[in-house]
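Take a look at the letters that make up each chain.
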Amino acid sequence: MTEPAIDTICAVATAAGRAGVGVVRLSGPDARPIIERLTSVDPRPRHAHYATFRRAADGSVLDDGIVLYFPGPHSYTGEDVVEWQGHGNPVLLDEAVREMIQAGARMARPGEFTERAFLNGRMDLAQAEAVADLIEAGSAQAANAARRSLTGVFSRRIDAFVDNLVHLRMYIEAALDFPEEEIDFLSDTRLRDQLDALRADLADLLSRTGEGVRLREGMQLVIVGQPNAGKSSLLNQLAGESRAIVTEIAGTTRDVLRAEVNIDGLPLHVIDTAGLRDSDDPIEQEGIRRAWAEVEQADLVLLLIDGTRGHTPEDDRTLARLPDKPLLTVVNKIDLTGEAPSEAAEDGALRLSARTGDGVDVLRRELRRIAGLTDRSEDPFIARRRHLDALEQAQRSLDEASHALVALGAGELAAESLRQAQESMEIITGRFTADDLLGEIFGSFCIGK
Ligand SMILES: Nc1nc2c(ncn2[C@@H]2O[C@H](COP(=O)(O)OP(=O)(O)OP(=O)(O)O)[C@@H](O)[C@H]2O)c(=O)[nH]1
Ligand SMILES: [Mg+2]
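These numbers come from a predicted model, not from an experiment.

Focus: the overall build of the protein chain
Right, so step 1: Within the protein chain, the secondary structure is distributed over 16 helices and twelve strands.
Right, so step 2: Long-range pairs, those at least 24 residues apart, make up 65% of the contacts in the protein chain with a sequence separation of at least 6.
Right, so step 3: By element, 49% of the accessible surface of the protein chain is carried by carbon and sulfur atoms, the whole surface being about 21,900 Å².
Right, so step 4: For the protein chain, the distance from the average position of its 50 positive side-chain charges to the average position of its 76 negative side-chain charges is 5 Å.

So, in structure tokens, the structure goes:
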């Protein structure tokens, strides 16, 4: 069987629009001959060459710029890569791409450069995803965590875990070859200890990965409570600007309002809702219906209580109707009641003033804690829901392995469960993978990456 011929791809790598500089990237066996033809530069590896880009048809000048050449395999994609850095004008850049296509290159699909990097072993799948996450990171913390994943912090944790897993499985399989010793062997506590250590390590990996997913996706927080409790005031405090209308009229907010807030790197989607009460006004009724619909979707519910009225029977009714999900009870208006702000949440409750902002920093800290983001978590890495799913699958397999070993004394079954756990883990790094997964991941990239 012959390998399919690898073609040369090209695309504008910089963002659409006008800028000082724009970059077109070429990758593949013809990258170098194509740029030689268009610029008459014979590029030295990793050197900046000042060059004139000419149209092939009539030799007229298209642009002046810089040619950079990175020979494979030590390049981003692992293939010969050329970068043309011209002026950041989309018309000129598009024309440069057209000239390259005329010269034999093909337009790259979204994410194709990074896909080639993955296929050529320059990075694993989790690292390739981190490239997209780094580009999209909305905070310095998320960018830092994505960079760590890109350099392999997350992947190395996975690989180390898989090594231990394989080691244990080989050990069990070796024993299965000596049936007369199998029973003794399977009841060996060292074996169970090793399996327990693996499960503890996986639990830790799961919680850190959950943290990485939070950094990437954030958390939905819905604020509910009686009219006039100060929900909109709290949204404005969290957003740091006046996003919602605040008045002393009960029933001011009748629609669902959203604000994207960044809490020390945690992307928080804050949702303000209509005050919950019995109302004859059809607009308000609809607002309240929507408030409850948001409660269903949220990761966390914040029940805001007006401190000047205290906990009312209506608040109890709201509490009784809340679905089973994380809840934070916040007592507002301490500037009026004269209470001190909480120094920390006690039993899922805290006191603050949405008007003065007193105690809001404690709320922020609490929100980060609930999201699983610790103040100084070392080595944060970014992760995706897909990774969490795979880890949870691996966790189930390890539970099965443990059951097989301890309750059933069935080495064969235990080894099989460990093999399945390994497979789940390797889906993360892409060592074990399906083609449609690759299409899904790289298809969501931007062109030129
Ligand atoms: N003194 C004081 N007043 C507050 C505080 N929080 C809100 N208020 C006032 O309470 C009134 C209602 O505040 P909103 O933020 O509109 O309350 P809400 O819960 O959004 O009300 P609805 O939209 O009607 O459900 C306004 O007059 C606010 O200025 C607070 O912490 N201290
Ligand atoms: Mg309001």
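A short note on the nonpolar core
Right, so step 1: Counting residues in hydrophobic clusters, the biggest one holds 34 residues, and the most contacted among them are Ile172, Leu398 and Met425.
Right, so step 2: Elements represented by at least two residues in this core include exactly helix H6 (153-176), helix H8 (189-217), helix H14 (385-408) and helix H15 (411-429).
Right, so step 3: Residue contributions to this core peak at nine residues, all from H6.
Right, so step 4: Those residues in contact with Ile172 that lie beyond four places of it in its chain are Phe185, Leu191, Leu405, Gly411, Ala414, Ala415 and Leu418.
Right, so step 5: Counting residues in each nonpolar core, the second largest holds 33 residues, with Met219, Ile223, Leu367 and Ala371 among its members.

Topic: the environment of Asp42
Right, so step 1: Mapped onto the elements, Asp42 comes out in the loop between helix H1 (31-39) and strand S3 (49-54).
Right, so step 2: Separated by 266 residues in sequence, Asp42 and Thr308 have C-alpha atoms that sit 78 Å apart.
Right, so step 3: In this structure Asp42 touches Arg32, Glu36 and His49, once residues within four positions along its chain are discounted.
Right, so step 4: At 2.5 Å, the side chain of Asp42 and the side chain of Arg32 are in polar contact.

Quick notes on the rules
Residues numbered from 1 in each chain as written. Chains lettered and ligands numbered in written order. Predicted model: local features only at pLDDT ≥ 70, side-chain atom pairs only at ≥ 80, totals over all residues. Heavy atoms only, no water. Helix = DSSP H or I, 4+ residues; strand = E, 2+ residues; numbered from the N terminus. Contact = heavy atoms within 4.5 Å. Areas by Shrake-Rupley, 256 points an atom, 1.4 Å probe, with all protein chains shown as cover. Lys, Arg positive; Asp, Glu negative; His and termini not counted. Charge placed at Lys NZ, Arg CZ, Asp CG, Glu CD. Core = buried A, V, L, I, M, F, W, Y, C linked by side-chain atoms within 4.5 Å. Buried < 20%, exposed > 50% of the residue type's maximum accessible area, 1.4 Å probe, protein only. Polar contact = N/O pair within 3.5 Å; in protein donor to acceptor, adjacent residues only side chain to side chain.

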